[in-house]
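Chain residues, written in single-letter form:
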Amino acid sequence: MAYIEFRGVNKYYIMGEKKIFAADNMNFVIEKGEFCVILGPSGAGKTTLLNMLGGMDSCDGGTILLDKREISSLNERELTDYRRYEVGFVFQFYNLIQNLTALENVELASEICRNSFDPRQTLEAVGLAGRMDNFPAQLSGGEQQRVSIARALAKNPKILLCDEPTGALDYKTGKHILQILQDSCQKTGKTVIVVTHNSAIAGMADRIIQVKNGTILQNEENKQPLPAAQIEW
Ligand SMILES: Nc1ncnc2c1ncn2[C@@H]1O[C@H](COP(=O)(O)OP(=O)(O)OP(=O)(O)O)[C@@H](O)[C@H]1O
Ligand SMILES: [Mg+2]
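Residues numbered from 1 in each chain as written. Chains lettered and ligands numbered in written order. Predicted model: local features only at pLDDT ≥ 70, side-chain atom pairs only at ≥ 80, totals over all residues. Heavy atoms only, no water.

Undergrad: It is not clear to me how helix α2 (residues 76–86) should be interpreted in this structure. Could you clarify?
TA: Every α-helical turn comprises 3.6 residues, leaving residues that sit three or four positions apart pointing alike. Buried within α2 we find Leu79, Tyr82 and Glu86. Along the axis of α2, the buried positions cluster into a sector of 75°, meaning they face one direction only. Opposite the packed face of α2, turned more than 90 degrees from it, sit the exposed residues Glu76 and Arg77. Of the surrounding secondary structure, the elements contacted by the buried residues of α2 are α1 (46–53), β4 (61–66), β5 (69–70), β6 (87–90) and β7 (159–163). N-cap assignment for α2: the residue whose side-chain oxygen lies 3.1 Å from the backbone N of arginine 77 is asparagine 75. (Buried < 20%, exposed > 50% of the residue type's maximum accessible area, 1.4 Å probe, protein only. Helix = DSSP H or I, 4+ residues; strand = E, 2+ residues; numbered from the N terminus. Arc of directions from axis to C-beta. Contact = heavy atoms within 4.5 Å. Polar contact = N/O pair within 3.5 Å; in protein donor to acceptor, adjacent residues only side chain to side chain.)

What follows is the structure, encoded as structure tokens:
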């Protein structure tokens, strides 16, 4: 049985007379410990897919499984626990709390979790040993994204979900962030899923899932993923 599985997943929005399918019979699997890239143009349904997997959005049909558990049938209370303990999120615009320091942002996340990692050590691991007492506004975009990765990792989640994590960063900083995500996948065995419209990022993935118009075009394994430092766009 696959670690993550979508079986016939649907999600639609009613807009007047029209029914817009953000997910239209999505089927795919992802194995444990993989670095998976979800690729597709704007409006393809990437964020919808990620939010349904992360328990932030419900589906209108089908089954979503993570580690033998049916996420798609959890009630609100169970979903809160699921998001809290099992999922780490990294967003395009970091979503840090502005009046808390880097360390406090990470502590806030780790304190609500069992088996969480030490916030200081996690910040050190992403190269921010010297910036723990800075507020987000005192950090560069790349540094803020590293805080947000540390915040997600410190929870010790089962899966790390990243929605366009390099979308707001320059080329060099973006590659550094991807390297950190790839390293955390390889060193900790975490399953990491990165959503992007940048096809160059696919080269570093163990698995590439292509999405268009709410459907899965392709789900391919890459036996020779490149280190993030070697991909170019
Ligand atoms: N709340 C909503 N109401 C109506 N339509 C929505 C809503 N959220 C998403 N959609 C539609 O669902 C489709 C998929 O949206 P989604 O945000 O998942 O795309 P995406 O692949 O993440 O795009 P992008 O790369 O621009 O972030 C789009 O057609 C979008 O307009
Ligand atoms: Mg999106």
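Undergrad: Please explain the pattern of salt bridges as it appears in this structure.
TA: Where charged atoms of side chains with opposite charge meet at close range, the side chains can pair. Following the criterion strictly, the structure yields 10 salt bridges and no others. Residues aspartate 67 and lysine 68 are paired through a salt bridge, measuring 3.7 Å at the closest nitrogen-oxygen approach. When its relative accessible area of 27% is taken as the criterion, aspartate 67 is described as partly exposed. For lysine 68, a relative accessible area of 66% corresponds to the exposed category. Note that arginine 69 and glutamate 86 form a salt bridge whose closest N and O atoms lie 3.1 Å from each other. Highlighted residues: arginine 69 in strand β5 and glutamate 86 in helix α2, separated in sequence by 17 residues. Classification of arginine 69 as partly exposed rests on a relative accessible area of 31%. Salt bridges sharing common partners tie together Asp67, Lys68, Arg69, Glu86 and Lys158. (Salt bridge = Lys/Arg side-chain N within 4 Å of Asp/Glu carboxyl O.)

No statement about biological role is implied by the geometric values presented.
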